[in-house]
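# Understanding the architecture of this molecule
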Amino acid sequence: MTVNKMLAEFANTLNHRIESAKTCVDDASAFLAANQEIELLMTEQWPQLADALEAADLVAEDRASLQAMMAAIAELHTLARARLVWANDFEDYMRGALTRR
């Protein structure tokens, strides 16, 4: 299998899993499961792909694919972080409302 094909398959799978995770940010257990799938993909497939990429000459399309994957991961991180901040703020609000009584 060529490096380009490996990268395309990995990117497709990763993007699918990221999109799946984004749909369940509000459901902690489903979000955890989706993130574990992403982690498993990264653990099992990324090292081999990274070695192949290192040995190959990257073309602009490959670089764009890698940048798109990094952007998708960053977006997922931002969504998860925003949800966490919201939950913490809500908890603080509720705690404050209960102590004012």
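So, a few notes on the structure that sits alongside this text. Numbering of residues starts from 1 in each chain and follows the order in which that chain's sequence is written. Where totals are concerned, whole chains, interfaces and linings use all residues; where local detail is concerned, this predicted model gives features only for residues with pLDDT of at least 70, and gives and counts side-chain atom pairs only at 80 or more. Values shown for side chains rest on all heavy atoms present in the structure; no hydrogens or waters enter the calculation.

Attention now goes to the overall build of the protein. Counting its secondary structure elements, the protein contains three helices and zero strands. A run of DSSP states H or I qualifies as a helix once it reaches four residues; a run of E qualifies as a strand once it reaches two. Both are numbered from the N-terminal end. Reading the protein from its N end, one meets helices and strands in the order α-α-α. By its C-alpha atoms, the protein is 65 × 25 × 20 Å across when sized along the principal axes. For the protein, the proportion of its 101 residues judged to be buried stands at 24%. Residue contacts follow a heavy-atom distance rule, with two residues in contact if any of their heavy atoms lie within 4.5 Å. Once local pairs closer than 6 in sequence are excluded, the contacts in the protein between residues at least 24 apart make up 73%. Computed with a 1.4 Å probe, the accessible areas rest on the Shrake-Rupley method; for each residue, only the protein chains presented here act as cover. Accessible surface computed for the protein: about 7,300 Å², of which carbon and sulfur atoms make up 56%. Of the side-chain charges in the protein, 9 are positive and 16 negative, and the distance between the mean point of each set is 12 Å. Exposure categories follow from relative accessible area, calculated using a 1.4 Å probe and restricted to protein chains: below 20% of the type maximum is buried, above 50% is exposed, and the middle band is partly exposed. Residues counted as positive are Lys and Arg, residues counted as negative are Asp and Glu, and His and the chain ends are not counted. Where a charge sits is defined by one atom per residue type, namely NZ (Lys), CZ (Arg), CG (Asp) or CD (Glu).

Right, let's get into the nonpolar core. Counting 21 residues, the largest nonpolar core has L14 and M69 as the members making the most contacts within it. Sorting the residues of this core by element identifies α1 (3–22), α2 (28–55) and α3 (60–99) as the ones contributing at least two each. Residue contributions to this core peak at eight residues, all from α1. Dropping the residues within four chain positions of it, L14 is found in contact with I38, L41, M42, M69 and I73. The set of buried Ala, Val, Leu, Ile, Met, Phe, Trp, Tyr and Cys residues whose side-chain atoms join them within 4.5 Å is what this entry labels a nonpolar core.

Now for the environment of A60. Within the fold, A60 resides in helix α3. For the pair formed by A60 and I73, sequence separation is 13 residues and the distance between their alpha carbons is 20 Å.

It is worth spelling out the pattern of salt bridges at this point. Any carboxyl oxygen of Asp or Glu within 4 Å of a side-chain nitrogen of Lys or Arg constitutes a salt bridge here. Within this structure, the stated rule accounts for five salt bridges. Of the charged contacts in the structure, one is a salt bridge between E9 and K5, with a shortest N-O distance of 3.3 Å. With E9 and K5 both in helix α1 and four residues apart, the pair spans about one turn of that helix. Given the relative accessible area of 37%, E9 is considered partly exposed. K5 sits in the partly exposed class, given a relative accessible area of 45%. With a shortest N-O distance of 2.6 Å, R95 and E91 are connected by a salt bridge.

So yeah, pure geometry; function would need other evidence.
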